[in-house]
Amino acid sequence: MFFKDTFKRFFDEKLIFIILTISYMAYLLVKLLIEVEGLIFLFYFSISLLTSLIFREACLTDEIYFEDKKKLNKNNILSYILSKNLFAIFLVSMLVILVFLLSFLLKYKIVNIKDFFDIFILILATLASENIILLFYNKPIFTEHPKSMIGDKYIGKGYIKSFLPSFFIDLLITLVFERLSLIYLFIFCYFISIIIFYIRVKNRGVYD
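Fair warning: this is a prediction, and the values are worked out from it, not measured in the lab.

Turning to the overall build of the protein, a few remarks are in order. A tally of regular secondary structure across the protein gives 7 helices and 0 strands. When each of the 208 residues of the protein is scored for burial, the buried share is 43%. Long-range contacts, defined as pairs at least 24 residues apart, comprise 84% of the intrachain contacts of the protein with a sequence gap of at least 6. Summed over its atoms, the accessible surface of the protein is roughly 11,700 Å², and 70% of this surface lies on carbon and sulfur atoms.

Right, let's get into the packing of aromatic side chains. Under the definition given, this model contains 9 aromatic pairs. Look at Tyr44 and Phe177: their rings are 4.9 Å apart centre to centre, the planes differ by 85 degrees, and that puts the pair in the edge-to-face class. Remark: Phe177 occurs in helix α6 (residues 151-179) and Tyr44 occurs in helix α2 (residues 40-60); sequence separation between them is 133 residues. Considered together, Tyr44 and Phe177 belong to a single accessibility category, that of buried residues. Taking 6.4 Å as the distance between ring centres and 35 degrees as the angle between the ring planes, the aromatic pair formed by Phe177 and Phe186 counts as tilted. Among the aromatic side chains, those forming a connected cluster through ring pairs are Phe41, Phe45, Phe167 and Phe168.

Moving on to the side chain of Lys84. Take Lys84: it is sitting in helix α4 (residues 77-105). Under the relative-accessibility criterion, Lys84 is labelled buried at 0%. Separated by 2.9 Å, the side chain of Lys84 and the backbone oxygen of Ala58 make a polar contact. Ignoring any residue separated from it by four or fewer positions in sequence, one finds Lys84 in contact with Thr6, Phe55, Ala58, Cys59, Ile64 and Asp68.

Quick look at the environment of Thr61 now. Structurally, Thr61 can be placed in the loop between α2 and α3 (62-71). Residue Thr61 is classed as buried on the basis of its relative accessible area, which comes to 2%. C-alpha separation for the pair Thr61 and Pro140, spaced 79 residues apart in sequence, amounts to 5.8 Å. At 2.7 Å, the side chain of Thr61 forms a polar contact with the backbone oxygen of Glu57.

Thresholds, definitions, all that
- Residues numbered from 1 in each chain as written.
- Predicted model: local features only at pLDDT ≥ 70, side-chain atom pairs only at ≥ 80, totals over all residues.
- Heavy atoms only, no water.
- Helix = DSSP H or I, 4+ residues; strand = E, 2+ residues; numbered from the N terminus.
- Buried < 20%, exposed > 50% of the residue type's maximum accessible area, 1.4 Å probe, protein only.
- Contact = heavy atoms within 4.5 Å.
- Areas by Shrake-Rupley, 256 points an atom, 1.4 Å probe, with all protein chains shown as cover.
- Phe/Tyr/Trp six-rings, centres within 6.5 Å; stacked < 30°, edge-to-face > 60°.
- Polar contact = N/O pair within 3.5 Å; in protein donor to acceptor, adjacent residues only side chain to side chain.

Printed below as a string of C-alpha cells:
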C-alpha cells in the first residue's frame, strides 16, 4: 500500500526532478569512477547521500507525508518503513546499474556481483541510520509555500538543518565502509533500526 502510493505520488510530483537528478548523478558517478579512481570514497559518499535524499523525500514530501500520516497506525508500521526503504533501494539501485552499465560500455571497468553487493550493503547501512534519524527529524518538506512560512529562505534553511545529521552520518558510514569490512555488522544494524523504529512508533502511536 505505502510503496505503491509513494511510487505514484513521488513520480507524479517529481518526475522532472528525478530524471534530471539521475542523469546528473549518473554522469557525476561515471566521472568519479573514471577520472578519480584514487578517491573511490567520493563515489561511495555520493551513493550514500543520494540514498538519504531519496528516502527523506519519499517520507517527508508534504503530500506524501500527510497522506501517510492519515493511514499510518499500529498495524501497518512495518509495512510503512519497509516500503520507504524498498523505494529508496529501488531508485538508488537503478542508478547504480546505469552507472555500472555506462562504465562497462566505456570499457573502463568490468563490474561483478561483488561490486553490486558492496553497494547494496552501503545502501542498507545508510538506511539503517535514516530509519533512526526519521524518528527525530521528521518535519514535512513543503513543495509549495504555506502562508505561515516566509518564502524559500525559511524552507531552505529548515531543510538543510534537518538534513545535516544525515550528511555527517553518511560521511562516517562511508569512511567506515571504505576502510573496514563490516558487512554483517551493517546488516545487523539495519534490522535493529527497523525494530527500533517499529517499537518507538508503536508506543507513540504515530511519530511527529
